[in-house]
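Coordinate analysis (summary)
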Amino acid sequence: MLDPRSFRDAEALAALRERLAARCAGAELEALLDRLADLAERRRAAIGEADALQGQLNARSREVGEKKRRGEDVAALRAGLGELSATADAAGQAAAAAEGAFLEALAFVPNVPAADVPAGDATHNRVVRTWGEPVAPQPWHRPHWEVGKALGLMQLERGALLAGSGFPLLAGLGARLERVLIGFMLDLHTREHGYTEIAPPYVVNRDSMTGTGQLPKYEEDMYRTTDGLYLIPTAEVPVTNLHRGEVLAGAELPKKYVACTPCFRREAGAHGADTRGLTRVHQFDKVELVRLERPEASPGAHEELTGHAETVLQRLGLAYRVVLIAAGDMGFANHRQYDLEVWAPGVRKWLEVSSCSTYGDFQARRMNTRFRPAPGAKPEFVHTLNGSALALPRTVIALLETGQRADGSVELPPVLAGALGLERLEPRGG
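The residue numbering used here restarts from 1 in each chain and proceeds along that chain's sequence as written. In view of the model being predicted, local features appear only for residues whose pLDDT reaches at least 70, and side-chain atom pairs are presented and counted only at 80 or more, with totals across whole chains, interfaces and linings using the full set of residues. To obtain the side-chain values, all non-hydrogen atoms of the structure were used and water was disregarded.

**Comments concerning the pairing of strand β13 (residues 383–391)**
Applied cut-off: To sort residues, take the accessible area from a 1.4 Å probe on protein chains only and compare it with the maximum for the residue type: under 20% means buried, over 50% means exposed, and anything in between is partly exposed. Helical segments are the DSSP runs of H or I of at least four residues, strand segments are the runs of E of at least two, and each set is numbered from the N terminus. Think of it this way: DSSP has to see at least two bridges between two strands before they count as a pair.
Along β13, 9 of the 9 residues are buried, which leaves the element largely enclosed by surrounding structure. Pairing analysis gives 7 bridges linking strand β7 (residues 283–293) to β13, with the strands arranged antiparallel. Within β13, the residue paired with glutamate 288 across the bridge is serine 388. For strand β10 (residues 349–358) and β13, the ladder comprises 3 bridges, and the chain directions are antiparallel. Bridge pairing in β13 links cysteine 356 to glycine 387.

**Notes on unusual backbone geometry**
Generally, phi is negative for residues other than glycine and the peptide bonds are trans, each holding for most cases. Here the bond from leucine 215 into proline 216 is cis, since omega is 10°, no more than 30 degrees from zero. Considering the arrangement of structural elements, one finds proline 216 in the loop between α7 (206–212) and β4 (230–231). Cis peptide bonds are those with omega within 30 degrees of zero, and the linkage from leucine 253 to proline 254 qualifies with 0°. Position of proline 254 relative to the elements: it lies in the loop between β5 (247–249) and β6 (255–264). For arginine 348, which is not a glycine, the phi torsion comes out positive at approximately 55°. Along the chain, arginine 348 falls in the loop between β9 (336–344) and β10. Judged by relative accessible area, which is 43%, arginine 348 ranks as partly exposed. The phi angle at asparagine 368 is positive, at roughly 55°, despite the residue not being glycine.

Given below as structure tokens:
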């Protein structure tokens, strides 16, 4: 959530409009900002009236008390006091309603982009660095769904039979490969990168989804239970909310967490492309990094967190590129975002395998997560960050398509071969 002071006057609102214009959100966002400007003015007026009446009530109450102590008749004053109290209560309720309407609308306003984020849509995304040499596609390169079927790793038709399209089923070495990958990534991040592992719930309440920005804007994209809980779209939601409503000591920061959870996303495949195989699915596993930082440390933490996700790809020997995402292509809550795109020679595409984002205090305001910079100091909002390190489906895609050989086998990177007990995945019967 943005700082409500962004709507304190015309100058502040103009500055906000200029920063949000980089998102190219168009007339809908402009109309929302106009509405918020009106709601902010009503809020100021209602709060001002309520404060004034409460001040009068307090002064009148003190006057009654003083006269009563002096033995004077206060009957007339008391009669007026009751009427003033009722008026002040009504004004307080009106102020609370105006505050609620303002905050409800503010929850739909996206985060402002950082100063170095390119303005515009996805065509303005910028590659900032690359690693590794992309494998040149050969005539025998096949897409992962064909490779996975030939190797007996995937049974996508059976997954569709059980739950519908977009719910993949891995079997045998396919399931083992995912399990080994998860263990490798969790061990790397806990042992070498200093993250604390969390095993969170896979369902969360509405406050948690609102805290990280999924609600209310993306309500229709979420899986919801009959009792009002939500299946998590990412471990970001429960893990970032671990300290919702808390005031942390400055010495406790940074908080660095890692979790592997299933992720549930109703909108997968809605774009009408990349719906075959594992590219877009409704359920998948993902290892997620989450950090809570002091504001001054968050830019450096964003670079470090992104580097931790890159290390996974480097250890797996997968060629990738780091893309600074343009404002109009960023997520709703994002302040600055890097995507890691891995090369998949079978489908001949760069596939996003990780998004590493910093949110400033946007999520922390929604969660009311603060810290004291020093003992006795006024609490400040933390800055939150997270990144996929990594999402499993597209990591598996890249491994199968990069490692495949002309004979149909798939060569495994050394960091996985030892745990799996084999250096290659061979076609069934081969």
